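Chains, contacts and geometry: an overview
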Amino acid sequence: MTLHFAIVGCGYVADLYMEALKSHPELRLQGVWDRDPERLRAFCAFHGVRAYVSYQALLTDGAVELVANLTNPREHFKVSEAALLAHKHVYSEKPLATELPDAQTLVEMAEARGLFITSAPCSVLGETAQTIWKLLRQQQIGTPRLVYAELDDGNVAAMDHAKWISASGAPWPAQDEFEVGCTLEHAGYHLTWLTAFFGPVHRMTTFSRVVQPDKGFVGLQPAPDFAAACFEFGNGVVARLTCSIYGAHDHRMRFFGDDGTISIDRIWDYGAPVHLTRRNRWTSRAEKYPLLARLTGLGPKRVPLVRQPPVKGRGLFGKNGMDFCRGIADLGEALANGTSPHLTARWALHVTEVVLAMQSPMVYGDTREIHTRFPPMTPMPWAKG
Ligand SMILES: NC(=O)c1ccc[n+]([C@@H]2O[C@H](COP(=O)([O-])OP(=O)(O)OC[C@H]3O[C@@H](n4cnc5c(N)ncnc54)[C@H](O)[C@@H]3O)[C@@H](O)[C@H]2O)c1
């Protein structure tokens, strides 16, 4: 069945949604809205889509079932709130809201109205994430106990970001990104995976700082550009996550278990190869004498041993390999089947709480017990077993 939806916010990321949309025939875009008239015009001209005359006009279009909120993070709450009040389902870009009470309000509003609301990222529905989860469930590395995860993008302020322009001409919103903060923007990628695999975070400890205050904008109010946090999950697994826009580019995720390691190099890529390294009788010696291990070829090998399904439409997903529309499609499928989507409102709320606490220990405490909970995610049907 077809899901009819509309986009609010026709900026940089909206162009990436438009590319991904080409691989989702089950989604029909009814029209778009942006409060910046020039941006709205350029976007509609480039993509050949219909512009609404106002947000109100979009919300009163009875054909629109779901609003994709692709506005800037600090606008998310009011745009999503208006959509829920108009009885539309909502798929929000991350984070759900920039204040925890606002995120809570949105979830409660949606529940009271029998509507779905959730937030990006949706990469946990992807082939790489689901393959890792299956390997963990199959105990391929024995008992997993520790995870290291990184989302470092290099010194972004020193890069030529003024030249980063989307297909329809939207500049990458550098100032907004620096003020919202890289942790609020990015920690959700790893955290959705971790909480899908290991359940809710129970306790966390975090540290964040602005390590480079001058990012080339007069009057900039920079958010922390570095944060590191450790999380304890209910099943005893511990994870360490680092986010920065200063440290050298690193998008890895490594799961350490008693019998081996699962690792990927590109968290954003839905088809990133999954490497499985099993401990063997040479492992301890190889760890002690890495040069000897390299020269002799003894010790465990990190090879993409794992077969994983191909990603449909991957050629459309840009250099990062992200299918931005998969979360919307998941909501559409749930609506068509009368089921619950994989990405639930309560889960988005939990991830939002953890991400906010990671970026702002000065507000949420260096150490925090996390009490939000969510129904466990079920694996994608093709990744069961
Ligand atoms: N830029 C990226 O690479 C990227 C990647 C993934 C996710 N995201 C997320 O996507 C969202 C948007 O980011 P972006 O990079 O596209 O920003 P952007 O500034 O390029 O685009 C946002 C657009 O929303 C419009 N807008 C803002 N408030 C509005 C409102 N109240 N009503 C109508 N229109 C409004 C702005 O005019 C702008 O055109 C953010 O949540 C961001 O975290 C961005």
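Residues numbered from 1 in each chain as written. Predicted model: local features only at pLDDT ≥ 70, side-chain atom pairs only at ≥ 80, totals over all residues. Heavy atoms only, no water.

Another aspect to go through is the site of the ligand. In the vicinity of the ligand, 26 residues are found, and the nearest of them are Tyr-12, Val-13, Asp-34, Asn-72 and Glu-185. In this structure, His-76 approaches the ligand through a side-chain N or O atom, which is 3.1 Å from an oxygen atom. Within the complex, 89% of the 820 Å² of free accessible area of the ligand lies under protein. Of all the secondary-structure elements, those providing two or more residues to the shell around the ligand are helix H1 (12-21), helix H4 (76-85) and helix H8 (182-198). (Near = heavy atom within 4 Å. Polar contact = N/O pair within 3.5 Å; in protein donor to acceptor, adjacent residues only side chain to side chain. Areas by Shrake-Rupley, 256 points an atom, 1.4 Å probe, with all protein chains shown as cover. Helix = DSSP H or I, 4+ residues; strand = E, 2+ residues; numbered from the N terminus.)

All right, on to the pattern of salt bridges then. Per the counting criterion, the structure on display carries 21 salt bridges. Between Lys-94 and Glu-185 there is a salt bridge, with the nearest N and O atoms lying 3.2 Å from each other. Of the two residues, Lys-94 is situated in the loop between strand E4 (89-92) and helix H5 (100-113) and Glu-185 in helix H8; the sequence distance between them amounts to 91 residues. Glu-185 carries the same exposure label as Lys-94, and that label is buried. (Salt bridge = Lys/Arg side-chain N within 4 Å of Asp/Glu carboxyl O. Buried < 20%, exposed > 50% of the residue type's maximum accessible area, 1.4 Å probe, protein only.)

Let's shift gears to the sheet that holds strand E11 (residues 260-264). As summarised here, the arrangement of the 8 strands in space is E12-E11-E10-E6-E9-E8-E7-E13, forming an open sheet in which the pairing is mixed. Looking at strand neighbours, the two that pair on one side only are strand E12 (275-278) and strand E13 (367-369), the edges of this open sheet. When strand polarity is set aside, the average angle formed by the axes of neighbouring strands in this sheet is 15°. Looking at chain direction, strand E8 (residues 226-233) and strand E9 (residues 238-244) are connected through 7 bridges and run antiparallel. Its bridge partner being in E9, Cys-230 is matched across the sheet by Arg-240. The strands touched by helix H12 (residues 345-359) are strand E7 (201-209), E8, E9 and E13; relative to E7, the strand with the most contacts, the crossing angle is about 35°. (Pairing = 2+ DSSP bridges. Axes fitted to C-alpha atoms, helices over the stretch in contact; angles between N-to-C directions. Contact = heavy atoms within 4.5 Å.)

Another aspect to go through is the environment of Leu-349. Within the secondary structure layout, Leu-349 lies in helix H12. C-alpha separation for the pair Leu-349 and Leu-100, spaced 249 residues apart in sequence, amounts to 8.1 Å. When sequence neighbours within four positions are dropped, the list of residues in contact with Leu-349 reads Leu-96, Leu-100, Ala-103, Gln-104, Val-107 and Thr-372.

Attention now moves to the sheet that holds strand E5 (residues 117-119). Here 5 strands make up an open sheet; going across it, the order is E2-E1-E3-E4-E5 and the pairing parallel. What marks the edges here is a single partner per strand, and that holds for strand E2 (27-33) and E5. Ignoring which end each strand starts from, the neighbouring axes of this sheet average 20° apart. The pairing of strand E3 (residues 66-69) with E4 spans 4 bridges and is parallel. In the sheet register, Val-67 faces E4, and the bridge partner there is Val-90. Of the strands in this sheet, strand E1 (3-8), E2 and E4 are in contact with H1, which crosses E2 at around 160°.

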